[in-house]
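Spelled out, the chains give:
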Amino acid sequence: MSRRRGPAEQIRDLFAGPGSEDYLGEDVTQSQHMCQAGALAESAGAADELIAAALLHDVGHFLGELSGHDLMSGTDNRHSHTGAAWLSQWFGAGVTDPIRLHVAAKRYLCAIEPAYAAQLSPASAHTLEVQGGPMDQEQVRAFEAEPYFAEAVSLRRWDDAAKDPGAATPTFEHFRPVLSRLLAGGSVEARH
Ligand code: FE
């Protein structure tokens, strides 16, 4: 990708390009899925950083050498880590950490909440096994000690709910002001 394109344009290109493909085994596209997750965060009154995290949580599917299709066929593409690392060029931990932890949050919720595991979509239940299955007790404790533990769990629940082909879905452009506010805030500079 050209270095001269700004972050919002690079992100928009992902939504308009690879994001327009089907979302692994679900009835919405990847972009619809991410925009629905962002809208659910917004409706819940989440802060800008967490709305952006929900909106961008799956960009790692488009960035690594392994795709979401590899994940579905049995090889973990570690999309949570790939996406968080790419976004850390521009965003702070309030955006990137819930994204990095959103797969772990599924493994966590499956360990502590039997009803959660039962409501996973078939595709999500399938990838759970590829991603390591439910956490053990030690992993649960370590996860609860993460600074963005609560945000990661919230993001995960929006992620799971954001697969509704009948839901009114805002476009990527709806979220531009949120991204602009975060990018103007210099969250990356603040970390250097
Ligand atoms: Fe997702």
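Just above sits the structure.
Reading the values: the criteria
- Residues numbered from 1 in each chain as written.
- Predicted model: local features only at pLDDT ≥ 70, side-chain atom pairs only at ≥ 80, totals over all residues.
- Heavy atoms only, no water.
- Helix = DSSP H or I, 4+ residues; strand = E, 2+ residues; numbered from the N terminus.
- Rg over C-alpha atoms; globule rule 2.2 N^0.38 Å.
- Contact = heavy atoms within 4.5 Å.
- Areas by Shrake-Rupley, 256 points an atom, 1.4 Å probe, with all protein chains shown as cover.
- Donors = N, O, S within 2.8 Å, 3.2 Å for Na, K, Ca; no water.
- Tetrahedral: all angles 85-135°; square planar, octahedral: opposite > 155°, others 65-115°.
- Buried < 20%, exposed > 50% of the residue type's maximum accessible area, 1.4 Å probe, protein only.

1. Focus: the overall build of the protein
Right, so step 1: When you go through the protein residue by residue, the secondary structure sums to 12 helices and 0 strands.
Right, so step 2: For the protein, the succession of helices and strands along the chain, N to C, is α-α-α-α-α-α-α-α-α-α-α-α.
Right, so step 3: Relative to a compact globule of 192 residues, whose C-alpha radius of gyration would be 16 Å, the protein shows 16 Å and is just as compact.
Right, so step 4: Dimensions of the protein, computed from the C-alpha atoms along their principal axes, are close to 45 × 35 × 35 Å.
Right, so step 5: Counting only contacts in the protein whose residues sit at least 6 apart along the sequence, the fraction spanning at least 24 positions is 69%.
Right, so step 6: Accessible surface computed for the protein: about 8,900 Å², of which carbon and sulfur atoms make up 51%.

2. Details of the coordination of the iron ion
Right, so step 1: Protein coordination at the iron ion: the donors are His33 (NE2), His57 (NE2), Asp58 (OD) and Asp159 (OD), at 2.2 to 2.3 Å from the metal.
Right, so step 2: Bound by 4 donor atoms, the iron ion shows angles of 77 to 169° at the metal and therefore irregular coordination geometry.
Right, so step 3: In the primary sequence, the donor residues of the iron ion line up as H-x23-H-D-x100-D. Separated by 102 residues along the polypeptide, His57 in the loop between helix H3 (48-56) and helix H4 (68-72) and Asp159 in helix H11 (residues 149-161) bring together distant segments of the chain. The exposure classification of His57 matches that of Asp159, with both residues buried.

3. With respect to unusual backbone geometry
Right, so step 1: Positive phi, close to 50°, is recorded for Arg78, a residue that is not glycine.
Right, so step 2: If you trace the backbone, Arg78 turns up in the loop between H4 and helix H5 (79-87).
Right, so step 3: Given a relative accessible area of 46%, Arg78 falls into the partly exposed group.

That is the geometry; function is a separate question.
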